[in-house]
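Reading the structure
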Amino acid sequence: MKFAIDKITKKEIIFSILFFTCVIFGILLGFGTITSGLHMVDDHEFWRFNVYLDEGQNLKDMIVERLEGDMSWRFRPLYYPIRLIISAIFGTNLVLMSVLKGMETVFACVVVYFVARKLKCTPGYSVLTTFFVLAGSQSSIWWKLGPQELTCTWMFGLGILFLLIWRDNKKAIFNILSIIFVFISTLYKESYVALIPAVMLIYIYFDMDGKQVTWENFWIAVKNNLCSEIALGLIILFEAYMILFVVGAGNVSYISADDTTTLWFYIKMFLNNFRLHLRVGQQGFYVITLIIIFRKELKKLMLELKWQFLLACVMVLPQFILYAKSGLEERYVVPWIYGVAYFFCAVLSKSELIKGQKRRLFNIALAVLTAVNFLLVFYEAAYFTYRGKGISAMFDAVCEIATEDTKILSAYYPYDESETTCAIYLQSRGITSVYAYRDGIGTDWWRVGEGTTIEPEEADIILTYNFNDRHFVSEPDLDLSDYDITIFNTMRMAVRK
């Protein structure tokens with residue numbers, strides 16, 4: 001089915017929805033992620049929230065309480081209200097939540113697709129741009145119920161889409177909607193505020209299109225878009241103030257807003273992340289391939305596309321700095337991938353300098369990248385299901401043999417969240433003697449509990465990761481010689497003989 005390059009029809013909208021629905025749900029259902037069950041990270045909160053709701057706590061009070069707690073280390077005021085509302089609606093039904101996540105993935109794909117179309121990409125290149133952004137190791141956001149990146153993708157994407165629509169028709173409502181959705185995305189995940197300078201540049205870029213680049217024209221463009229620039233600038237100032245002076249910039253250990261580190265540290269970590277991604281990342285290989293293909297045209301391309309390249313860099317570089325500590329893999333590929341996809345797919349695909357044999361090689365490179373991205377989607381989906389099925393099987397086995405007096409020791413350190421999941425889930429099934437292993441002793445610490453402790457040798461059942469799990473660091477310093485060991489995919493259960 002062919003669609004016009006410069007015109008979007010209702011037929012294309014319907015077709016895109018059906019196409020992405022088939023692709024996304026074909027993968028989710030085919031690999032079983034929707035029915036993979038409980039996972040050790042994030043999912044425990046649904047059980048925690050429902051315990052509080054069952055005890056009669058008010059949803060509004062829970063939202064306020066959770067916001068106050070979250071503000072001690074993060075600025076994401078929309079995250080927990082939405083998460084608590086979802087929990088109140090769906091309870092602990094992870095299947096329905098996963099279906100909702102799949103629908104959200106489809107919507108994000110459709111939004112990114114039409115952003116590419118409004119950038120004058122053909123339908124084919126728009127599909128490839130979409131998969132550039134959302135397929136790959138970052139595809140974990142399709143099925144994980146905790147990360148904010150998927151929601152932020154369509155929120156920020158709508159902001160850009162409305163901005164592109166406003167460029168064409170100059171109706172103020174679309175400009176207002178653009179700023180609102182960009183702002184909303186930053187309230188859901190704070191790293192999106194680092195994308196606002198790129199949005200501010202887009203206004204200047206639009207206004208100067210076809211004009212000579214001079215300081216005079218630049219300031220004219222600023223004046224023509226002064227209200228929009230001020231609004232976006234105020235958002236940056238507001239969130240910078242909240243993050244730096246209310247929340248505290250150094251409270252998130254894996255984000256590099258740390259007042260104890262030096263400029264040289266950020267430079268080294270940026271270079272290391274860049275090197276790492278070029279070494280193992282499929283996008284890095286793709287970029288290197290394009291440099292080789294266009295080595296003779298490289299100078300002309302960079303001169304022709306220098307401002308688009310600048311815009312891409314303004315999207316990418318702040319994210320490299322923010323995530324210098326955590327690295328740029330898995331879900332942290334988003335949102336820096338937006339800038340890479342914009343330039344190396346959407347922009348290059350329209351360049352008139354790429355023609356003939358070079359165009360064919362460009363298409364092959366992009367197709368290979370997309371194929372590799374989908375291989376990673378398949379791998380990540382299969383692993384997610386494998387992991388989840390093992391967790392569910394392990395907890396079912398524990399519940400089958402445990403009684404009220406059974407002492408269970410969870411030894412998932414240093415992953416506190418996994419131990420919280422273990423405690424909350426088992427207690428929701430009536431097993432209350434659950435202890436977390438810390439510094440040679442088991443502690444009842446979820447919701448403070450009784451504050452009781454046990455010696456490791458008192459445990460009737462010990463739960464740990466095994467080496468098949470990505471979170472496996474090392475064997476806990478526990479003597480399991482008196483226990484029967486059962487492996488559940490990436491989980492391990494040791495039962496006293």
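Here, every reference points to the structure presented above.
Residues numbered from 1 in each chain as written. Predicted model: local features only at pLDDT ≥ 70, side-chain atom pairs only at ≥ 80, totals over all residues. Heavy atoms only, no water.

Observations concerning the packing of aromatic side chains
As a reminder, the rule being used: Side-chain rings of Phe, Tyr and Trp, where Trp is taken by its six-membered ring, are said to pair if the distance between their centres is within 6.5 Å; with planes under 30 degrees apart they count as stacked, over 60 as edge-to-face, and otherwise as tilted. Each helix is a run of DSSP H or I of at least 4 residues and each strand a run of E of at least 2, with the numbering of both proceeding from the N terminus. The rule is simple: take the accessible area with a 1.4 Å probe, protein chains only, and divide by the maximum for that residue type; under 20% is buried, over 50% is exposed, in between is partly exposed. Lysine NZ or arginine CZ positioned within 6 Å of the ring centre and within 35 degrees of the ring normal marks a charge as sitting over the ring.
A complete count under the given rule lists 36 aromatic pairs for this structure. Each ring, one from Phe 15 and one from Phe 19, has its centre 6.3 Å from the other, and the planes form 15°; the classification is stacked. Note that Phe 15 and Phe 19 are positioned in helix α1 (residues 10-31) at a spacing of four residues, about one turn of the helix. Taking relative accessible area as the criterion, Phe 19 reaches 30% and is therefore assigned partly exposed. Their ring planes at 80° and their centres at 4.7 Å tell us that Phe 131 and Phe 374 sit as a pair that is edge-to-face. With Phe 131 in helix α6 (residues 123-134) and Phe 374 in helix α17 (residues 356-401), the pair connects residues that are 243 residues apart, well separated along the chain. Of the aromatic side chains, those joined through ring pairs into one cluster are Phe 15, Phe 19, Phe 20, Phe 31, Tyr 113, Phe 114, Phe 131, Phe 374 and Phe 378. Sitting over the ring of Trp 73, Arg 74 keeps its end group 5.5 Å from the ring centre. Between Arg 470 and the ring centre of Tyr 383, over which it is positioned, the NZ or CZ distance is 4.3 Å.

A word on the sheet that holds strand β2 (residues 434-438)
For clarity, the cut-off: Should DSSP find at least two bridges between two strands, the strands are regarded as paired. In what follows, residue pairs with any heavy atoms lying within 4.5 Å of each other are defined as contacts. Note on geometry: axes are C-alpha line fits, over the in-contact stretch for helices, and angles between N-to-C directions span 0 to 180 degrees.
What the seven strands build is an open sheet, ordered β4-β3-β2-β1-β5-β7-β6; its pairing is mixed. The open sheet has two edge strands with one neighbour each: β4 (453-454) and β6 (483-488). Against the sheet, α17 touches β1 (408-410), β5 (461-465), β6 and β7 (491-496), its axis set at about 15° to β7. Those strands touched by helix α18 (residues 416-428) are β1, β2 and β5, and its axis lies near 165° from that of β2.

A closer look at α6
Note the cut-off: To estimate the expected span of a helix, subtract one from its residue number and multiply by 1.5 Å.
Taking 1.5 Å per residue, 12 residues should reach 16 Å; α6 reaches 17 Å between its end C-alpha atoms and fits that length. Extensive coverage of α6 is indicated by the burial of 10 of its 12 residues. Those residues of α6 that fall on the buried side of the exposure criterion are Pro 123, Tyr 125, Ser 126, Val 127, Thr 129, Thr 130, Phe 131, Phe 132, Val 133 and Leu 134. Buried residues in α6 make contact with α1, α5 (94-118), α7 (149-169), α13 (282-293), α16 (336-347) and α17.

What about a nonpolar patch on the surface?
Selection rule: Residues form patches when they are more than 30% accessible in relative terms and have no salt bridge. Like charges link within 9 Å. Nonpolar side chains (Val, Leu, Ile, Met, Phe, Trp, Tyr) link within 5 Å. Per-residue and other accessible areas were derived by the Shrake-Rupley procedure at a 1.4 Å probe size, with only the shown protein chains allowed to occlude residues. Salt bridge, as used here, is a side-chain nitrogen of Lys or Arg placed within 4 Å of a carboxyl oxygen of Asp or Glu.
Together, Leu 226, Ile 230, Leu 234 and Leu 237 make up an exposed nonpolar region whose accessible area comes to about 390 Å². We classify Ile 230 as partly exposed; its relative accessible area is 45%.

A short note on the side chain of Arg 83
If you trace the backbone, Arg 83 turns up in helix α4 (residues 79-90). Of the residues examined, Arg 83 reaches a relative accessible area of 4% and is grouped as buried. Setting aside its immediate chain neighbours within four residues, Arg 83 contacts Asp 42, Asp 43, Glu 45, Phe 46, Phe 49, Leu 145 and Gly 146.

The values are spatial; any link to function lies outside them.
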